[in-house]
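# Topology and contacts: notes
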Amino acid sequence: MRKIFFTLISCVFAIFSHEAFAMLSMELTRGVSGAIPITIQPFTIQGQIPPQNIADIVSNDLKNSGRFKISSGRADDIVDGAVQEVGGNRYQVSFQLKEAFKAKNASQQSVLLNRKYIVSGNELRSLAHHISDAIYQQITGVRGVFSTRLAYIVVQRTSEGSTKYVLEVADQDGYAPQPLLTSTDPIMSPAWSRDGKRIAYASFENQHEAIYIEEVATGARHLISEFRGINGAPAWSPDGKKLALVLSKSGSPNIYVMNLASRQLTQLTHDYYINTEPSWSPNGRSLIFTSNRSGNPQIYQLNIASGAITRVTYDGQYNARASYSPDGNHITMLNRESGLYNVGILDLDTGVFRVLTNSNADNESPSIAPNGSMVLFGTLYGGHSVLGMVATDGSVQIRLPARNGDVQDPAWSPFLA
Amino acid sequence: MQLKNTVKSLVVMGSIALLSACSAPGHKGQGDEAGADSYGANGGAQTSGVAAGSSFGDETGGAGPQQSLAKRTYYFDYDKSEIHEQDKRAISANANYLMAHSKAKIILEGHTDPRGSREYNVALGERRANAVADFMKEKRGES
């Protein structure tokens, strides 16, 4: 009975914190059936009360993954811990993860994790996410993404009719939003560098499109490409040394690769079709991209060494914005079959294609998590553009609406140090 | 030739207007797509329309020269950038006007509906604005 209840559960909650503001709120709209019950005991506190409640953050992380159910009663696993202030705004944090269900004797619990840290007050939130990652990996075997970040564009319209665009970066749970660029002109296609320290994007400031690379930590940025026409869809190579991009200076949009050190350009497609949205394979030897050479947008693969182009997608009349899963075995993309735009995933080994989103609204801009388990995308809800997440097996669905305005064009960061 | 200079098919301007439309919440778009406009859109784009003039001395005549000139929104079929036959007269009229008024400037904005891939829509919008620009350049020297 409990399992059926959890299958149908839709937890709607807003995350409020006086210390860390969340631009996006996170609502789990569908969790896996058979979510693992886990108990998170409140951490004992010694000394000054810490500015972050670690147990709460860990609970929310695990609950929002859709794969855990926070239980105050019977559970498979138990987490408890302690926070002790050690002076100078520093805290010693310890926690244990214990397995509960195997023992016949309820008081017997095998300890799976036992860790201790010393951090400063403003590192407590990051530490909580790190603890969530450790628990998640220990139990599921999959590396957690609780310490990753999201980039996205916020669009706000004033009552006077002007529009403001903000390129923003936030924690994976929506906290600690940090604006990287504010503009009265559109910003598009944010792309994280492989080390997560820089973001490339297209900006229409000064009434023409150009590609910039901006350091996330400092906000310092460099102009990368400003040719006549389109400068768009930047994509970092796996070794971080090159940027694939789209330029229409030849007369129509073609794929180019720029060596970031030398700024030398190599043109990879040489035709008059629309070619756009390049994305690198994990081994760096090929690119997949969107092209309408067959009459409507489909995904094609370009072998960089040979220049050979082969078609990848055959399901549906429209496939665009494709990118590889981290292991290179799948491609996520935007797909249109009969009217609605959905996020889909193609298994490259079997050729099987699955639609992951199933809503009454159009979706856009899929971006896969660095552990390959979830896809972040844009969608419509309640008259606003919001973000969503869906598990790559379709089992978990999350919605992330913005507190005000519209959110679009998201990008999931890589694993961060 | 003057026309080539004045018709700076600022197709990226179209992208600005396009992206404003893209961001419109709940805007589902229609089956047919809007084409080139010559009026400004929000988002800080600086535009100037065809200079309003009361003299049409250079008009070659024919039915409704003012209507032709005033028609500045051209629609395209879904995912296409070919100009409709019925728009060619209006585009020619505007091209002729530009040739006759050397100080006039226009901005061509290519639009699409906001659904689907944003990057693809920017490219399609540019293609549409280019289609109108190319047609206008072709028309120079013809009446």
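Residues numbered from 1 in each chain as written. Chains lettered and ligands numbered in written order. Predicted model: local features only at pLDDT ≥ 70, side-chain atom pairs only at ≥ 80, totals over all residues.

## Examining the overall build of chain A
Definition in use: By definition, any uninterrupted DSSP run of H or I lasting at least four residues is a helix, any uninterrupted run of E lasting at least two residues is a strand, and each is numbered from the N terminus. As a reference, a globule follows 2.2 Å times the number of residues to the power 0.38, and the radius of gyration itself is taken over C-alpha atoms. For every residue, the other C-beta atoms within 10 Å of its own C-beta are counted; 20 or more classify it as buried, 12 or fewer as exposed, and values in between as partly exposed. C-beta atoms are placed from the backbone. Contacts are defined on C-beta atoms placed from the backbone: any two residues whose C-beta positions lie within 7 Å are in contact.
Secondary structure assignment for chain A yields three helices and 31 strands. Rg of the C-alpha trace for chain A: 23 Å, near the compact-globule value of 22 Å for 417 residues, within the 12% margin. Considering only C-alpha atoms, chain A reaches an extent of 70 × 50 × 45 Å along its principal axes. Residue burial in chain A is summarised as follows: out of 417 residues, 48% are buried. If you take every contact in chain A between residues at least 6 apart in sequence, the share linking residues at least 24 apart comes to 44%.

## Details of the overall build of chain B
Scanning chain B from terminus to terminus reveals five helices and zero strands. Starting at the N terminus and ending at the C terminus, chain B contains elements arranged as α-α-α-α-α. For chain B, with 143 residues in total, the buried portion stands at 45%. Taking the intrachain contacts of chain B between residues at least 6 apart in sequence as the baseline, contacts between residues at least 24 apart amount to 80%.

## Some words on the packing of helix 4 (residues 85-100) of chain B against helix 5 (residues 118-139) of chain B
Geometrically, a packed helix pair is captured by the angle between its two axes and the distance between the axes. Residue and element names in this part refer to chain B. Applied cut-off: Every angle, taken between N-to-C directions, lies between 0 and 180 degrees, and every axis is a line fitted to C-alpha atoms, over only the stretch in contact when it is a helix. Each angle is binned into one of four classes, with values under 35 degrees roughly parallel, values over 145 roughly antiparallel, values of 65 to 115 roughly perpendicular, and all other values oblique. By convention the crossing between two helices is left-handed if the near helix lies anticlockwise of the far one by an angle smaller than a right angle, and right-handed if it lies clockwise. Note that Gly is not counted as nonpolar here; it falls among the polar residues with everything else outside the nonpolar set of Ala, Val, Leu, Ile, Met, Phe, Trp, Tyr, Cys and Pro and the charged set of Asp, Glu, Lys and Arg.
Contact geometry for helix 4 and helix 5: axes closest at 9 Å, N-to-C directions at 60°. It follows from the interaxial angle that helix 4 and helix 5 lie oblique. The two elements helix 4 and helix 5 cross, and the hand of that crossing is right-handed. Contacts between helix 4 and helix 5 involve Ile91, Ser92 and Ala95 from the first element and Val132, Phe135, Met136 and Lys139 from the second. Each residue belonging to the contact of helix 4 with helix 5 can be placed in one class, and the counts come to five nonpolar, one polar and one charged.

## Here's the deal with the sheet that holds strand 13 (residues 210-215) of chain A
By definition, the strands of a sheet pair up through backbone hydrogen bonds, in either a parallel or an antiparallel sense. All names here are of chain A. Let me state the cut-off plainly: Paired strands, as defined in this entry, are two strands with at least two bridges between them according to DSSP.
With antiparallel pairing, the four strands of this open sheet are ordered in space as 11-12-13-14. Looking at the sheet topology across the chains shown, the edges are occupied by strand 11 (187-192) and strand 14 (221-225). Strand-to-strand twist across the sheet, computed as the mean angle between neighbouring axes with direction ignored, equals 25°. With four bridges joining them, strand 13 and strand 14 adopt antiparallel strand pairing. Within strand 14, the residue paired with Glu214 across the bridge is Arg221.

## Some remarks on the confidence of the model for chain A
In plain terms, the rule: pLDDT is a residue-level measure of predictor confidence that goes from 0 to 100.
Taken residue by residue, chain A gives an average pLDDT of 91. The fraction at 70 or more is 92%. In the model, residues 1-19 of chain A has pLDDT below 50 throughout and makes 21 contacts with residues more than four positions away in sequence or in other chains.

## A closer look at helix 5 of chain B
Side chains three or four residues apart in an α-helix point the same way, a direct result of the helix having 3.6 residues per turn. To keep it simple, the criterion reads: Here the expected span of a helix is defined as 1.5 Å times the quantity of residues minus one.
Its 22 residues place the ends of helix 5 of chain B 32 Å apart at the C-alpha level, agreeing with the 32 Å of an ideal helix rising 1.5 Å per residue. Within helix 5 of chain B, 17 of the 22 residues are buried, which leaves the element mostly enclosed by the surrounding structure.

## Here we look at the nonpolar core
All names here are of chain A. Put simply, the test is: By definition, a nonpolar core groups buried Ala, Val, Leu, Ile, Met, Phe, Trp, Tyr and Cys residues that connect through C-beta atoms lying within 7 Å of each other. Domain delimitation follows an automatic or database domain assignment.
In this structure, Ile54, Val58, Tyr201, Leu245, Val375 and Leu376 are the most contacted members of the largest nonpolar core, which totals 107 residues. The element best represented in this core is helix 3 (residues 124-140), accounting for seven residues. Two domains each donate at least three residues to this core, and these are domain 1 (35-140) and domain 2 (149-412). Once residues lying within four places of it in the same chain are set aside, the contact partners of Val58 are Ile40, Val79, Ala128, Ile131, Ser132 and Ile135.

## Comments concerning helix 2 (residues 54-64) of chain A
All names here are of chain A. Judged by how many residues are buried, helix 2 sits mostly within the fold: 10 of 11 residues are covered. Ile54, Ala55, Ile57, Val58, Ser59, Asn60, Asp61, Leu62, Lys63 and Asn64 are the residues of helix 2 that are buried. Phi turns positive, to about 80°, at Gly66, one or two residues after helix 2.

## Quick word on the confidence of the model for chain B
Residue and element names in this part refer to chain B. Of all residues in chain B, 52% have pLDDT values of 70 or greater, and the mean over the chain is 66. Between the elements of chain B, mean pLDDT differs from a low of 38, seen in helix 2 (residues 11-22), to a high of 94, seen in helix 5. Here residues 1-62 scores under 50 on pLDDT; set against residues more than four positions off or in separate chains, the count is 159 contacts. At the level of chain-chain contacts, confidence expressed as ipTM amounts to 0.88, with global pTM at 0.84.

## Comments concerning the sheet that holds strand 1 (residues 27-30) of chain A
All names here are of chain A. Taken together, the five strands give an open sheet; going across it, the order is 1-30-29-28-27, and neighbouring strands pair in antiparallel fashion. In this open sheet, the two edge strands, each paired with only one partner strand, are strand 1 and strand 27 (363-368). Mean inter-strand twist for the sheet, computed between neighbouring axes without regard to direction, equals 25°. Sheet topology note: the strand 28 (residues 374-381)/strand 29 (residues 384-391) ladder contains eight bridges and is antiparallel.

## Thoughts on the domain arrangement of chain A
Residue and element names in this part refer to chain A. Domain annotation for chain A reports domain 1 (35-140) and domain 2 (149-412). Taken over C-alpha atoms, the centre of domain 1 sits 35 Å from the centre of domain 2. Taken residue by residue, the interface counts six residues in domain 1 and six residues in domain 2. If one sorts the elements of the side of domain 1 that touches domain 2 by residue count, helix 2 sits on top with three residues. Partitioning the side of domain 1 that touches domain 2 into residue classes produces no nonpolar, three polar and three charged.

## Side note on the pairing of strand 17 (residues 254-259) of chain A
For a regular strand, the rule is simple: side chains alternate between the two faces of the sheet. Residues and elements named next belong to chain A. Most of strand 17 sits inside the fold, with five of its six residues counted as buried. Bridge count for strand 16 (residues 242-247) against strand 17 is six bridges, and the pairing is antiparallel. Of the residues in strand 17, the one forming a bridge with Ala244 is Val257. Counted between consecutive antiparallel strands, the loop separating strand 16 from strand 17 contains six residues, among which Gly251 sits at a positive phi close to 120°. By the bridge criterion, three bridges tie strand 17 to strand 18 (residues 265-267) in an arrangement that is antiparallel. If you follow Tyr256 over to strand 18, its bridge partner there is Gln267. Taking the residues between adjacent antiparallel strands as the criterion, strand 17 and strand 18 are bridged by five residues, where Arg263 takes a positive phi near 60°.

## Points about the packing of helix 2 of chain A against helix 3 of chain A
Residues and elements named next belong to chain A. Close contact between helix 2 and helix 3 brings their axes to 9 Å; oriented N to C, the two are set at 45°. One element, helix 2, and the other, helix 3, form an angle in the oblique class. Here helix 2 and helix 3 pass one another in a crossing that is right-handed. Contact residues: Ile54, Ile57, Val58, Asp61 and Leu62 in helix 2; Leu124, Arg125, Ala128, His129, Ile131, Ser132, Ile135 and Tyr136 in helix 3.

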